[in-house]
Amino acid sequence: MKAKTLTQDLDGEQIKGLRPKFDSEDVLALEAYDDFMDEHHHDIAEKLRMILAKHPVLGAIMNSMTTEQLDQQDEESRILQKKAIREQDWDSYAAQLLDQGVAYAQMGLQFSDWSYIVKVYRDYAQPYISAKLTGDIRGMLLTLAGMNKIIDFALNVIAESYFLEKERIISAERDKTREALRQLTVSEAQVRVLFENSTDVIFMVDEHGIILYINHVAEGLEMSEVIGSSFYDYQTPATRLVLEAGVRGVFETGKSSVIDHEAVLKGGNRFYTSSIAPIFEGDQVRKVAVIARDNTEQVLANRRVEEMNKVLEQRVDERTAELQNINRELESFSYTVSHDLRAPIRAIDGFTKVLAKKAKGILGSQENHYLQMIVENTTKMGQLIDDLLAFSRIGRVERQLANFDMAHLIRQVFAELTQLNEKPKISFFVGDLPQVPADREMIKLVWSNLLDNALKFSSTREEVIIKITAEETPQEVIYHIEDNGVGFEMEFVGKVFGVFQRLHSDDEFEGTGVGLAIVQRIVQRHQGRVWAHSELNNGAIFSFSLSKNPIL
Amino acid sequence: MTDRIFVEILLVEDNKSDAELTLMALEDFHLSNQIVWLKNGKEALDFLFGRGEYEGRDTLQVPKIILLDLKMPKVDGIEVLRAVRSDPKTKFIPVTVLTSSKEDKDIVETYQLGVNSYIVKPVDFDQFVKAVKDVGYYWGILNQHPRKNGNTDS
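Just so you know, these numbers come straight off a predicted model, no measurement behind them.

The rules behind each value
Residues numbered from 1 in each chain as written. Chains lettered and ligands numbered in written order. Predicted model: local features only at pLDDT ≥ 70, side-chain atom pairs only at ≥ 80, totals over all residues. Helix = DSSP H or I, 4+ residues; strand = E, 2+ residues; numbered from the N terminus. Buried ≥ 20, exposed ≤ 12 C-beta atoms within 10 Å, placed from the backbone. Contact = placed C-beta atoms within 7 Å. Pairing = 2+ DSSP bridges. Axes fitted to C-alpha atoms, helices over the stretch in contact; angles between N-to-C directions. Nonpolar A, V, L, I, M, F, W, Y, C, P; charged D, E, K, R; others polar. Parallel < 35°, antiparallel > 145°, perpendicular 65-115°, else oblique. pLDDT = per-residue confidence, 0-100. Core = buried A, V, L, I, M, F, W, Y, C linked by C-beta atoms within 7 Å. Left-handed = near helix turned anticlockwise from the far one by under 90°.

This next bit is on the overall build of chain B. A count of helices and strands for chain B gives six helices and five strands. In chain B, the order of α-helices and β-strands from amino to carboxyl end is β-α-β-α-β-α-β-α-β-α-α. Counting only residues that meet the buried cut, chain B has 34% of its 154 residues in that class. Within chain B, residue pairs in contact and separated by at least 24 positions form 66% of the contacts whose partners lie at least 6 positions apart.

Following this line, the structure appears as structure tokens:
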């Protein structure tokens, strides 16, 4: 039992104070005990060890030591005891006993445990001694008296150091606790600094929303009036409901949540984003902590942006409506104009022809030529009006999107066109054409115009070659129509899709210059693009794309 | 006076030139005494139902064919057609729309109201004459009207 030595802490005088005062009778008794122990020490020690091994605390201590260590300890103790009795060296024995008391205290032995050892020793040693010395009553009484003397001495010395050590341990623990408490106090103060200086409003509320504690209050409010009042009373009606539900949720689930709310304060409404966290007592949520961050400026800024967006949207809507209106008016205008223009042309044409018929034989060839020129021009004017009508109609008619067989449609259009026109030999090729949702009637008009153009501008060739192909991208299908006609110079490509824009005179190829404008307008109404590539006298390729997912 | 004439063709047309050209086209049928030209929808309705200027006209005397323009002042062709089709005395009169309008809306609407044919006036006079002649011949001469068979009119 290697103990932290108390003897080092005690000075020599203190140990000297422990020396017993024995008279001659006592010395005789001690020597008788010593004589007896010379013979029976081992027996008694071994028996005692067996009994003490059953004690819950002592047994555990003894089990932690080897037999040799225990033997050695007993031996040392016996030697010191003997030296004390025979040579009056009580100081060394006392020092050893003091160490023993310290060790008992450090091992957490209670005084009751320790007195148990003495009791066991007495209860065993007394009958043992009596039995061994039955024939020698005086020797037996002396030996028993000696045993009691030595036990009393040992008990006193051990108790001395045991209680000293106990006191020292308690005092050390108290110091430790005091230090821990001191440190705790410091950290709480630090938390308090953080808490009180936080720009966030931090407070605790109970399950009814009553504010129990708050770090600081808004301008115009007093801490004393805020504590004890309801957190909900500072909210707008709408956010009050949201908060009540939110806080209830935290109490019920024990999980924190974040809620946006608007507080009604004396300085004006403020917007907060609050983190609401449960405070547990055991497994019950007793309070919640609310950390409210003021984000009024951000909310107001967002609102301004939203308002501006709304104003912008409204302006766009107004502008769109205005444009749609203008567009409608324009279309209605162009329709009315084209429509009403037909009647006078019909009249001019009609009366000129009647005149020519009635004045036959009266007028000369020159005059007849003039009448002919009037008729020709009215015909041309009529054609222009018809095309213009067709063009203006495209913008007004609603699209009916559907999938249909594109190649079939093209062949149908081609048949209609070539039925009317006597053409030279025509090689007509239609490749694989993917389907896209589109307005069949409008797309028919597209092919009708493109095919009509291809046939018209190739009509001077000995063999007309027209090829229609398609390619597919993830978003759209692109159609190409290629002819071997007269083509055009690429510098004029920007003009081919314009209304009434023509690249050839009527003497070369007839036309009003509306066909490709119609094509472009239809394709654009399908969110597609249209373009052309050509070389003078080397054919032309017209291409257009149609979206696979057109916007309705 | 018109109420004494047995009307074969009723032409409702606000455009003077178109009316004159139409009449000219119909000259070959030698029906000029039996063609009545009315200048707008209101006149047409007054004539057909014996009102206003035509108060007292024998409304049992119905034309064999009405050639009807659509775009007219006051009462347009659609309204005339609707009125004609909703009166038992006039609902069997064949009506041919003769108009400048190629609008789908107009075509669909007149067919829904029960028009017999719809002709877009060609700009070319020769075609125009042919169209009017065809219509006049078909409805005015060739077609058998229920009245002729004595099956209608109580």
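Let us now look at the sheet that holds strand 11 (residues 530–534) of chain A. All names here are of chain A. One open sheet accounts for five strands, arranged 7-9-10-12-11; its pairing is mixed. The strands lining the two open edges of the sheet, one partner per strand, are strand 7 (425–430) and strand 11. Taken pair by pair, the neighbouring strands of this sheet meet at an average axis angle of 15 degrees, ignoring direction. Note: strand 11 against strand 12 (residues 540–547), five bridges, orientation antiparallel. For Val530, the partnering residue across the bridge sits in strand 12 and is Phe544. Of the strands in this sheet, strand 9 (463–472), strand 10 (476–483) and strand 12 are in contact with helix 13 (residues 440–458), which crosses strand 10 at around 20 degrees.

This next bit is on the interface of chain A and chain B. Every contact between the two is made by 13 residues of chain A and, on the other side, 14 residues of chain B. Elements with a minimum of two residues in the side of chain A that touches chain B: helix 10 (296–358) and helix 11 (365–396) of chain A. Here the element with the most residues in the side of chain A that touches chain B is helix 10 of chain A; it accounts for 10 residues. Across the side of chain A that touches chain B, the residue classes tally to five nonpolar, four polar and four charged.

Relative to the elements of secondary structure, Ser448 of chain A occurs in helix 13. Remark: the alpha-carbon pair of Ser448 of chain A and Gln412 of chain A, spanning 36 residues in sequence, is separated by 9.6 Å.

A few words on the packing of helix 11 of chain A against helix 14 (residues 515–525) of chain A. Residue and element names in this part refer to chain A. Following both chains from N to C, one finds helix 11 and helix 14 inclined at 5 degrees, their axes separated by 10 Å at the closest point. On the basis of the axis angle, helix 11 is roughly parallel to helix 14. Facing helix 11, whose interface residues are Ala390, Phe391, Ile394 and Gly395, helix 14 presents Ala517, Ile518, Arg521, Ile522 and Arg525. Here the contact of helix 11 with helix 14 is composed, by residue class, of six nonpolar, one polar and two charged.

What follows covers the confidence of the model for chain B. Residues and elements named next belong to chain B. Of the residues in chain B, 88% reach a pLDDT of 70 or more, and the chain-wide mean stands at 83. Across chain B, the element-wise mean pLDDT spans from 51 in helix 6 (residues 146–149) up to 94 in helix 3 (residues 77–86). For residues 148–154, every residue scores under 50 in pLDDT, and the model assigns this stretch seven contacts once sequence neighbours within four places are set aside. At the level of chain-chain contacts, confidence expressed as ipTM amounts to 0.71, with global pTM at 0.46.

Looking now at the pairing of strand 1 (residues 9–12) of chain B. All names here are of chain B. Alternating residues of strand 1 divide into Ile9 and Leu11 and Leu10 and Val12, and every residue in both groups is buried. Examined bridge by bridge, strand 1 and strand 3 (residues 65–68) share four bridges and lie parallel to one another. In the sheet register, Leu10 faces strand 3, and the bridge partner there is Ile66. As paired elements, strand 1 and strand 2 (residues 35–38) share four bridges and run parallel to each other. Across the sheet, residue Leu10 finds its bridge partner in strand 2, namely Val36.

Next up on the list: the pairing of strand 9 of chain A. Residue and element names in this part refer to chain A. Across six bridges, the pairing between strand 7 and strand 9 is parallel. Among the inter-strand pairings, Lys425 is bridged to a residue of strand 9, identified as Glu463. Note that strand 9 and strand 10 share seven bridges and pair antiparallel. Bridge pairing in strand 10 links Ile468 to Ile481.

It is worth spelling out the nonpolar core at this point. Val446, Leu450, Ile518 and Val519 of chain A are the most contacted members of the largest nonpolar core, which totals 42 residues. For this core, the element with the highest residue contribution is helix 13 of chain A, accounting for nine residues. If we ignore the near neighbours within four places in the chain, the residues touching Ile518 of chain A are Ala390, Phe391, Ile394, Leu445 and Asn449 of chain A. Judged by nonpolar contacts, the second largest core, of 32 residues, contains Ala44, Leu48, Phe128 and Val132 of chain B.

Looking now at the environment of Leu503 of chain A. All names here are of chain A. Of note, Leu503 is situated in the loop between strand 10 and helix 14. On the neighbour-count criterion, Leu503 (18 C-beta atoms within 10 Å) is partly exposed. Along the sequence, Leu503 and Val493 sit 10 residues apart, while their C-alpha atoms lie 9.5 Å from each other.

As a further point, take the packing of helix 2 (residues 24–52) of chain A against helix 6 (residues 111–132) of chain A. Residues and elements named next belong to chain A. At a minimum axis distance of 10 Å, the contact between helix 2 and helix 6 shows a crossing angle of 135 degrees. Here helix 2 is positioned oblique relative to helix 6, judged by the angle of their axes. In the crossing of helix 2 with helix 6, the sense of the turn from one axis to the other is right-handed. Across from Phe36, His40, Ile44, Lys47, Leu48, Ile51 and Leu52 in helix 2, the residues of helix 6 making contact are Ile117, Val120, Tyr121, Tyr124, Ala125, Tyr128, Ile129 and Lys132.

Another aspect to go through is the sheet that holds strand 5 (residues 117–120) of chain B. Residue and element names in this part refer to chain B. Read from one edge of the open sheet, five strands run 2-1-3-4-5, paired in parallel fashion. With one partner strand each, in any of the chains shown, strand 2 and strand 5 form the two edges of the open sheet. Strand-to-strand twist in this sheet, taken as the mean axis angle between neighbours without regard to direction, amounts to 15 degrees. Across the sheet, helix 5 (residues 125–142) is in contact with strand 1, strand 3, strand 4 (95–99) and strand 5; its angle to strand 3 comes to roughly 155 degrees.

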